[in-house]
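Okay, here's what each chain looks like letter by letter:
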Amino acid sequence: MRFPSAWLDLSVSNQRTVVIFGASGDLSSRLLLPGLGSLLAGPRATSVRIIGTGRSPLAADEWTSRVRSAFGGDLSDAAAETLATTQYVAGDPTDATHLRALLALAGPAPVLYFSLPPAVATAIVETLQSVDLAEGTELAFEKPFGTDAASAAALNKLVGTLVPEENVHRVDHFLGRTAVLNLIGLRFANRLFEPVWNAEHIESIEIVYDETLGLEGRAQYYDNAGALVDMIQSHLLLVLALLAMDAPATMDAVEVRSEMARALRSTHLYGSPVEASRRARYTAGGGVPSYAEEAGVDPGRETETLAELTVEVDTNRWAGVPITLRSGKALGVARKEIVIKFKPLRHLPSGLHGGRDGETLRIGLNPGELSLSVPALGVDGPYTMGQVFLDATLPTSPVLPYGEVLNGILRGDPLLSVRGDVAERCWEIVEPALDAWRTGEVPLEEYEAGSNGPSRWRAAS
Ligand SMILES: O=P(O)(O)OC[C@H]1O[C@@H](O)[C@H](O)[C@@H](O)[C@@H]1O
């Protein structure tokens, strides 16, 4: 159950220049630079030239010290070299003259990484229309890609005039998670699971990413996004795609991404938006203030901090199986897992007593773990059926999920990047629920911070 070695290749064959737009922002220092640092720590890594850029002026030593602290620990040769060559250039990225100077500095085949919200990234892409891009330029975008299906489609169109689709990387760090990548090994290299991975044998699926963390000072972004857009529209639907897709012919980006896209094209809400979606917001609890009182939040906006969506993948393999995606903040338990419930067998020999439950497979997403409950005789007394658990821990990659995705971007391989049509499709899947929420058809429920969320939700713990 190991993923192909190309994904574990920590080396960056040709030195590349990465221009980070929004470099002085929180996302860059919290996620992007540490991810790059973990990649550069690999034994075969070569250095990368990083040019940070943003509107805020930043002294050269201030920028270098930010990069240094994001890399953490002892520096490998590649990381030390990267640090020695990095620079920061302040300027307005929507000004074509500034962009031309920046690209001249970057040289051949740079990666332009937009560590910015969609509106700002779109404005820069618009300016890039009047600037010549070097052959082999790669463009990388943080999530969310667009703010709805229409804006994602418009951005795709704009980006498509600059570089070919295989040079566009819509970043989703869940695709760099060991446990998520291992879904491919778990399913397609596994005699036990693959034959039963369908509606004939599986009753229901949950994909849950409950966090104990609250807002972490990100109100400005989060209050506009909410749990559904922040986690389900992006990360969890992509996990679903890997879980539900058919076997790709090869592990090539074209094949894998086509299968993922095919699964998502068949995905829609399980019933009406009112039946298939739930939303809630935390009130004060355990020393955490209520969401409405958090700094920077507009209480009237009705932003949800916990969301649940049940979908169906309407294919021959999956039709009829409810798949529930759930994620939220400030919950009592950090439950981050996929739960696959198999159907009970139709028949048990008479004389066997107890548990007729089907098997349950739990795939821990963070950390990566597997647990399969199987019926066994004698667990709860002689000739009585009970459940025993087969547990395994997945190896932890030394490369952070962001680093894994970046590895692909630097090598020009879009395998772990979201394809344009998939980015649009993920919006289309959630939009009926978002529309029903806007019109108040689905009430905004409440849960106490530190609790497990409202009861009676499908994926309630
Ligand atoms: O557990 P991880 O890797 O930090 O991923 C979860 C995070 O993913 C991010 O994309 C979301 O914006 C955050 O709100 C969330 O906390």
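Look a little higher up for the structure.
Only a predicted model underlies this, so the values are computations on that prediction, with no experimental measurement involved.

Draft legend 1. Here's a closer look at empty space enclosed by the protein. Scanning the model with the defined rule gives six cavities of 30 Å³ or more in all. The calculated volume of the largest cavity comes to roughly 140 Å³. Surrounding the largest cavity, 15 residues form its lining, Lys143, Phe145, Ser234, Val418 and Ala423 being those nearest its centre. Among the secondary structure elements, those contributing two or more residues to the lining of the largest cavity are helix 9 (219-244) and helix 13 (420-438). Here the lining of the largest cavity is built from residues that sort into nine nonpolar, two polar and four charged.

Draft legend 2. Structural view of the nonpolar core. Membership of the largest hydrophobic core comes to 111 residues, with the highest contact counts inside it found for Phe114, Ile207, Ile338 and Ile340. No other element matches the 17 residues that helix 9 contributes to this core. Built from parts of two domains, this core gets at least three residues from each of domain 1 (16-142) and domain 2 (175-396 + 416-448). Residue contacts for isoleucine 340: discarding those within four places in its chain leaves Trp197, Ile202, Ser204, Ile205, Leu243, Glu359, Thr360, Leu361 and Ile363. Counting 30 residues, the second-largest nonpolar core is a separate cluster that includes Val18, Val67, Tyr88 and Leu406.

Draft legend 3. Structural detail: the pattern of salt bridges. What the rule picks out here adds up to 21 salt bridges. Glutamate 337 serves as the salt-bridge partner of arginine 335, at 2.8 Å between the closest nitrogen and oxygen. Owing to a relative accessible area of 12%, arginine 335 belongs among the buried residues under this scheme. Given the relative accessible area of 13%, glutamate 337 is considered buried.

Calculation criteria
- Residues numbered from 1 in each chain as written.
- Predicted model: local features only at pLDDT ≥ 70, side-chain atom pairs only at ≥ 80, totals over all residues.
- Heavy atoms only, no water.
- 1 Å grid on protein atoms, 1.4 Å probe; cavity = no way out; pocket = protein on both sides within 12 Å on 5 of 7 lines; lining within 4 Å.
- Points joined across faces, edges and corners; volume = space filled by probe spheres on them.
- Helix = DSSP H or I, 4+ residues; strand = E, 2+ residues; numbered from the N terminus.
- Nonpolar A, V, L, I, M, F, W, Y, C, P; charged D, E, K, R; others polar.
- Core = buried A, V, L, I, M, F, W, Y, C linked by side-chain atoms within 4.5 Å.
- Buried < 20%, exposed > 50% of the residue type's maximum accessible area, 1.4 Å probe, protein only.
- Domains from an automatic or database assignment.
- Contact = heavy atoms within 4.5 Å.
- Salt bridge = Lys/Arg side-chain N within 4 Å of Asp/Glu carboxyl O.

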